Amino acid sequence: MLREYNVVVKDPRFVDVRVASVYPSFYGVAMSSLGYHIIYDFLNSREDIWCERFIYPYRGSFESSSLLRDFDIISFSIHYEEDYFRVLEMLHRGGLEPRKGERVGPLVIAGGPTVTANPLPLADFVDLFVIGEAEPVLDDLVDTFMGLDDPRGALDEFKDIKGVYVPDNPAERVIVEDMDRACHPIRQIVSESDDPSFKPALGHSFLLGVSRGCVRGCRFCMSGYLYRPKRETSLGKLFDVAERGKKATGLDTISLIGAAASDYSRIDDLCEGLVDMGFRVSMPSLRIESVTENLLDVLANGGLKTVTLAPESTWKIRRRLNKPISDDKVFEVTRMATSKDLSVKMYFLVGAPGETLDDLKELADLIRALSRLGSVKFSINPLVPKPHTPLQWEAFNLDDMKDRMSFLKSKLKGLPVKMGSPRSALIQHVLSTGGPEVSKLIEKAWQGKATLRDWRLKSRGRKLGDELPWRKIDVGLRDDFIMEEYLKMKEDKLTSYCELDSCYRCLKRTCES
């Protein structure tokens, strides 16, 4: 049985627009997504809108048990390519045709990092896409919808809204410029259940939006390129939101959310202040470069049990990927954590451009050495090239990746290592870098008819100068910046961290952060 608090219930007779906010993954993941809470809070703050939640695999809304076909707007929040198949499944379960050309009824929109980067694979199923962050877009989108007699028949009316992509038209990414004016949900939904499937992935914690964007410049990280520049919520605002949130939810654990939360400029002051307010403080992951002994002390004293770190690979490969963390620093932070009785989870990537067998041997040696430092577990995953990153032209070789993963597995027998799936990585590569032609394969996979050969046939690299499917999506980067980073990667050259060095003008506009 599930019991929820802070759920918004309105009388549908007294609202103008009913919005279904759909998360095509499981409850625990959805309720640990600050973005999902933001959409719910933002839309329900308007008296003329009632926003209800749909979460896979449930057919009806959590607020009224209504079906998707009963709504005016259906909004998907998509964070992972593998969730694309569930978009079709949830539309089907809601009494609607997945393909937009065969569908009547609600306007279907989608947002999130994967479709901000490349909405083309879902363009045959979704009417409109939000490119970037939701808050600057949603009011204009809903107001335009309300002013039209037939919104689905007049999609061109939406194309002039900055941050909205109408398929085949150019779109420009939007972000919240001032984080103190961003939506910081206070009355976050709190759940109680004896069913573990309803436990949030981040535990029962209040989600605090510390920052957005990251300018570390890791060349494999799509989010690091999509949401520049880095923007921080002020310390005073964070303390105010945390205090009000504690009163509204009763939660005494707080999760700091941001693309690089531990890079927050006053992270020690923030954590110490939250602990003084009676919170236990956690972070989904820590940047190795920004971890200090004081920060770990504060987190451990606040109840944190496990820290998550991402060394990614060996020093040589880290440097090529513009993540120049020395092995000494990796060992130093790991020792610091284990000495405070903290467990450590580490993430590594396999398959970076130019990676050799000797690199894999060195990686195995590194992991073995780290495993001797205490309670350390490892997750090793294939590197998947993503749009709007310097790896966007790279191919994904399934057979080669299988060989690499098998080699590492053989070298790491007996260690607490979780190996990612090369097959899943191949599918992710096709979904992230494909064009509209991938829609047929998505539908075929949803129907359970796609074969591994189908995915292999759609997976390919690209040459420099090739026309990219996502070329009409402007994420704010200077036109030649990603090409520069690609060439520097091939030449093993670093791009400095601009917060410690000078601005290298990665954006088209002046960066004021």
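Look above for the structure.
Read on for an overview of the structure. (Residues numbered from 1 in each chain as written. Predicted model: local features only at pLDDT ≥ 70, side-chain atom pairs only at ≥ 80, totals over all residues. Heavy atoms only, no water.)

1. Let's talk about the overall build of the chain
Which entries qualify depends on this criterion: The way it works is that DSSP assigns letters per residue, a run of H or I at least four long becomes a helix, a run of E at least two long becomes a strand, and they are numbered from the N terminus. For a compact globule the rule gives 2.2 Å times the number of residues to the power 0.38, and the radius of gyration it is set against comes from C-alpha atoms. A 1.4 Å probe rolled over the protein chains alone gives each residue an accessible area, and that area as a share of the maximum for its type sets the label: buried under 20%, exposed over 50%, partly exposed in between. Two residues form a contact once any of their heavy atoms are found within 4.5 Å. Methods summary: accessible areas were calculated by the Shrake-Rupley approach with a probe of 1.4 Å, and residue burial reflects only the protein chains presented. Counted as positive: Lys and Arg. Counted as negative: Asp and Glu, with His and the chain ends omitted from the count. Every charge is mapped onto a representative atom, which is NZ of Lys, CZ of Arg, CG of Asp or CD of Glu.
Secondary structure assignment for the chain yields 17 helices and 19 strands. At 23 Å, the chain has a C-alpha radius of gyration in line with the 24 Å of a compact globule built from 513 residues. Across its three principal directions, the C-alpha atoms of the chain cover 65 × 55 × 45 Å. For the chain, the residues scored as buried account for 58% of the 513 residues in total. A separation of at least 24 residues holds for 76% of the contacts in the chain among residues at least 6 apart in sequence. Carbon and sulfur atoms form 47% of the exposed surface of the chain, whose accessible area is close to 21,600 Å². Measuring between centres, the 73 positive side-chain charges of the chain sit 6 Å from its 77 negative side-chain charges.

2. Some details on the nonpolar core
Soluble globular proteins tend to pack their nonpolar side chains together in the buried interior. Formally: Each nonpolar core is a collection of buried residues, namely Ala, Val, Leu, Ile, Met, Phe, Trp, Tyr and Cys, held together in the definition by side-chain atoms within 4.5 Å.
The biggest cluster of nonpolar side chains holds 124 residues, and the ones touching the most others in it are Phe76 and Leu256. Broken down by element, the residue count for this core peaks at 7 residues, all from helix H12 (residues 357-371). The next biggest cluster of nonpolar side chains, apart from the first, holds 39 residues, and it includes Ile38, Ile39, Ile73 and Leu141.

3. Overview of the packing of aromatic side chains
Going by this rule: Two rings from Phe, Tyr or Trp (for Trp, the six-membered ring) form a pair when their centres sit within 6.5 Å of each other. Planes less than 30 degrees apart are called stacked, planes more than 60 degrees apart edge-to-face, and all others tilted. In our convention, an over-ring charge means Lys NZ or Arg CZ found within 6 Å of a ring centre and within 35 degrees of that ring's normal.
Per the counting criterion, the structure on display carries 13 aromatic pairs. Aromatic side chains Tyr23 and Tyr36 sit 5.2 Å apart centroid to centroid with 70° between the ring planes, which places their arrangement in the edge-to-face category. Placement of Tyr23 in strand S2 (residues 17-23) and of Tyr36 in helix H2 (residues 34-44) is noted, with a sequence separation of 13 residues between them. Relative accessible area serves as the criterion here: at 2%, Tyr23 is assigned to the buried category. Residue classification places Tyr36 among the buried positions, given a relative accessible area of 2%. On the basis of an interplanar angle of 80° and a centroid distance of 6.1 Å, the ring pair of Phe85 and Trp455 is categorised as edge-to-face. Within this pair, whereas Phe85 is found in helix H3 (residues 84-93), its partner Trp455 is found in helix H16 (residues 452-458), the two being separated by 370 residues in sequence. By way of ring pairs, the aromatic residues Tyr27, Tyr58, Phe62 and Phe198 are connected into one cluster. Sitting over the ring of Tyr40, Arg53 keeps its end group 5.5 Å from the ring centre. Geometry around Phe279 places Lys246 over its ring, the cationic atom sitting 4.9 Å from the centre.

4. What about empty space enclosed by the protein?
Formally: Here a cavity is any set of points on a 1 Å grid over the protein atoms alone where a 1.4 Å probe fits but cannot get out, and a pocket is any open set with protein on both sides within 12 Å along at least 5 of 7 lines; a residue lines the site when it has an atom within 4 Å of a point. Grid points are joined across faces, edges and corners, and a volume is the space filled by probe spheres set on the points.
Under the counting rule described, the total for this entry stands at 2 cavities of 30 Å³ or more. What the largest cavity holds in volume is close to 110 Å³. Lining the largest cavity we find 14 residues, and of these Met31, Ile189, Val190, Pro200 and Ser205 sit closest to its centre. For the lining of the largest cavity, the secondary-structure elements that each account for two or more residues are strand S9 (190-193) and strand S10 (206-209).

5. Some thoughts on the sheet that holds strand S13 (residues 253-257)
Applicable threshold: Pairing between strands is defined by DSSP: at least two bridges between them are needed. Structural elements are reduced to axes, namely lines fitted to C-alpha atoms, with helices fitted over the stretch in contact, and the angle between N-to-C directions of any two is expressed from 0 to 180 degrees.
The strand order S10-S13-S14 describes an open sheet built from 3 strands, whose pairing is parallel. With partners counted over all chains shown, the strands left at the sheet margins are S10 and strand S14 (280-282), one partner each. The mean inter-strand angle of the sheet, taken between neighbouring strand axes irrespective of direction, is 30°. The pairing of S13 with S14 spans 3 bridges and is classified as parallel. Looking across to S14, one finds that Ile254 is bridged to Val281.

6. A word on the pairing of strand S15 (residues 306-312)
Here S15 lies mainly inside the structure; 5 of its 7 residues are buried. When S15 meets strand S16 (residues 343-350), the two strands line up parallel, connected through 5 bridges. By the bridge assignment for S16, Val307 is matched with Val344.

7. A look at unusual backbone geometry
The amide bond that connects Tyr56 to the next residue, Pro57, takes the cis arrangement and shows omega of 5°. Structurally, Pro57 is set in the loop between strand S3 (49-55) and strand S4 (73-77). Cis geometry marks the peptide bond from Arg228 to Pro229; its omega dihedral reads 0°. Assignment of secondary structure puts Pro229 in the loop between helix H6 (222-226) and strand S12 (231-232). In this structure, Asn6 takes a positive phi of about 70° despite not being glycine.

8. Brief notes about the packing of helix H7 (residues 235-249) against helix H8 (residues 267-276)
Axes are the key here: two packed helices are described by the angle between their axes and the distance separating the axes. Our working rule: Each angle is binned into one of four classes, with values under 35 degrees roughly parallel, values over 145 roughly antiparallel, values of 65 to 115 roughly perpendicular, and all other values oblique. Left-handed describes a crossing whose near helix is turned anticlockwise from the far helix through less than a right angle; right-handed describes the clockwise counterpart.
In contact at an axis separation of 11 Å, H7 and H8 are set at 25° when each is read in the N-to-C sense. Comparing their axes, H8 and H7 come out roughly parallel. The chirality of how H7 crosses H8 is right-handed. Contacts between H7 and H8 pair Leu235, Leu238, Phe239 and Ala242 from the former with Asp269, Leu270, Gly273 and Leu274 from the latter.

9. Focus on the pattern of salt bridges
Rule in force here: The term salt bridge refers to a side-chain nitrogen of Lys or Arg lying within 4 Å of a carboxyl oxygen of Asp or Glu.
Evaluated as defined, the whole model comprises 48 salt bridges. Residue Arg93 pairs with Glu89 through a salt bridge whose shortest N-O separation is 2.7 Å. With Arg93 and Glu89 both in helix H3 and 4 residues apart, this pair spans about one turn of that helix. Since its relative accessible area comes to 27%, Arg93 is described here as partly exposed. By relative accessible area, which is 19% here, Glu89 ends up buried. For Glu312, the salt bridge identified is with Lys323, shortest N-O distance 2.9 Å. Taken together, the residues span a long stretch of sequence, with Glu312 in strand S15 and Lys323 in the loop between helix H10 (315-320) and helix H11 (327-339) at a distance of 11 residues.

10. So, the layout of surface pockets
The following threshold applies: In this classification, the charged set is Asp, Glu, Lys and Arg, the nonpolar set is Ala, Val, Leu, Ile, Met, Phe, Trp, Tyr, Cys and Pro, and all remaining amino acids, among them Gly, are polar.
Considering only enclosed or pocket space, the second largest pocket measures out at about 390 Å³ in volume. Lining the second largest pocket are 17 residues, with His388, Arg471, Ile473, Asp479 and Ile482 sitting closest to its centre. Within the lining of the second largest pocket, the residues separate by chemical class into 8 nonpolar, 3 polar and 6 charged.

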